[in-house]
Amino acid sequence: MNQALESRLQSELDGFRKDGVYKRLNYLDSPQGPVARMEGRGEVVILSSNNYLGLCSVPLVVQAGKAGLDRYGAGTGSVRFICGTFTIHRDLEAALAKFAGTQAALTYVSCWNANEGLPATILGENDIVISDQLNHASIIDGVRLAKAITKCQTAVYKHSDMADLKAQLEQAKGRRTRLIMTDGIFSMEGDIAKLPDILELAKRYDAVVCMDDSHASGVLGEHGRGTAEHCGVLGAVDIITSTLGKALGGAAGGFTAGSTALCDFLTQRSRPQLFSNALPPTVAASALAAVEYLGAHPELVERLHENARWFRQALIDAGFKPLPGETPIVPVILGETSRAIRMSEMLLEEGVFVTGFGYPVVPQGHARVRCQVSAAHTREHLQRAIDAFKKVGKKLGVI
Ligand SMILES: Cc1ncc(COP(=O)(O)O)c(C=O)c1O
């Protein structure tokens, strides 16, 4: 490798270590679940996974993946329009459209790709995209790409600030298309988008709403159909993007759900769709089984929320101040990045895997450990985590 680049990268890595912000990978040697076997640590309680419903290791989901592999082989060997689309993709997309309450859906190898592939494809020079300040990095990059490629205008509104969104929409009145982009559940805060208000403003200003429901699919709403179901507005959101890598099986993949015309247009023009292979059939088959499993087991969603409520309250009773909320994402703010990383390391020493997040993922001074509760956790798992939090919290002077 080029020597100058090598030494620059090494010196930056040394800087990360010195500042206490270097991320160490932890190796798991068992399926993702409420507990997992971690190399060098034995069994640890997992409080850092998006496997909200525990579907990653449900036998039906795993078996469906194996059957998909046997039936279709490893993959398409190229992109879909060139070498064919497997029937499992069509079946999955039909199930996802039904799940999201839209006419159609189109899968991608990740929700990152779905978000990257949307604004740059549907917007042009006379359009604007208005994005929540705390949207996921994939939306931010998708918007940047759209600006670079199409020369569309871009704007950011203060997090969930409807007055600011209204002001930005007012300014954008002359634009051909106004696209509002929001997360359904914001991943670092765990709060829910003010979807009814966003839809109301969109109607008033003739704007299109695109919501990334990655953390809400399988999580919010009586049947886990996401933020729209939670808010009683299923079918009212123009475009929903989401991942298959969290509650919906946890493997990988993403999708965009919307009108038939939108999905057709993305099939024709969206670059990650046109120039990248399809979702591997084994992954598509597992995701389809996960969506079907969720349809047959809505009680998992209720259990998830019971666990989240219990855990949040137990943290409060122990003296922590988690961010208030009603989702299974429970962040505990600690301030400096190195403090969050230290707490996460100490929790791991106690057998609890919780990730610490700091700058630049969250703003300076707002570093945190983010707990994610699952329907698969038993009270015993959660109590073990609370005991570890109390021990570490006292040592670090957090409680
Ligand atoms: C809100 C949100 N959108 C998109 C993504 C990316 O999803 P994927 O892993 O399918 O690329 C994530 C993953 O962290 C996310 O939290």
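Above this text sits the structure in question.
Since the model is a prediction, treat every value here as computed from it, not as a measurement. (Residues numbered from 1 in each chain as written. Predicted model: local features only at pLDDT ≥ 70, side-chain atom pairs only at ≥ 80, totals over all residues. Heavy atoms only, no water.)

**Student:** Please clarify how the environment of E93 should be interpreted in this entry.
**Tutor:** Along the chain, E93 falls in helix α4 (residues 87–100). Remark: the alpha-carbon pair of E93 and A104, spanning 11 residues in sequence, is separated by 7.1 Å. Excluding anything up to four places from it in sequence, E93 contacts R80, A105, L106 and T107. There is a polar contact of 2.8 Å between the side chain of E93 and the side chain of R80. (Helix = DSSP H or I, 4+ residues; strand = E, 2+ residues; numbered from the N terminus. Contact = heavy atoms within 4.5 Å. Polar contact = N/O pair within 3.5 Å; in protein donor to acceptor, adjacent residues only side chain to side chain.)

**Student:** Looking at this model, I keep getting lost on helix α8 (residues 162–171). Mind explaining?
**Tutor:** Helical geometry: 3.6 residues make up each α-helical turn, so side chains three or four residues apart lie on a common side. For α8, the complete set of buried residues consists of M162, D164, L165, Q168 and L169. All buried residues of α8 lie within an arc of 160° about the axis, which places them on one face of the element. Away from its buried face, by an angle of more than 90 degrees, α8 presents the exposed residues A163 and Q171. Contact partners of the buried residues in α8: β4 (128–132), β5 (153–157), β6 (178–183) and α9 (195–204). (Buried < 20%, exposed > 50% of the residue type's maximum accessible area, 1.4 Å probe, protein only. Arc of directions from axis to C-beta.)

**Student:** What is the right way to read the side chain of T256 from this model?
**Tutor:** Of note, T256 is situated in strand β9 (residues 254–258). Every residue in contact with T256, bar those within four places of it in the chain, is listed here: A104, A105, L106, Y108, A114, L118, I239, I240, T241, L262, C263 and L266.

**Student:** What am I meant to see in the sheet that holds strand β2 (residues 42–46) here?
**Tutor:** Note on sheets: strands pair through backbone hydrogen bonds, and any given pair is parallel or antiparallel. Spatially, the 3 strands line up as an open sheet ordered β1-β2-β11, and their pairing is mixed. Two strands lie at the open edges of the sheet, namely β1 (35–38) and β11 (352–353), each paired on one side alone. Two elements, β1 and β2, share 4 bridges in a ladder whose sense is antiparallel. Residue pairing in the sheet places A36 in a bridge with V44 of β2. (Pairing = 2+ DSSP bridges.)

**Student:** When you look at the sheet that holds strand β8 (residues 239–243) in this model, what are you seeing that I'm missing?
**Tutor:** The strand order across the open sheet built from 7 strands is β3-β9-β8-β7-β6-β4-β5, with neighbouring strands paired in mixed fashion. Single-partner strands in this sheet number two, and they are β3 (104–108) and β5. Ignoring strand direction, the axes of neighbouring strands in this sheet form an average angle of 20°. Bridge analysis of β6 against strand β7 (residues 208–212) gives 5 bridges, and the strand direction is parallel. (Axes fitted to C-alpha atoms, helices over the stretch in contact; angles between N-to-C directions.)

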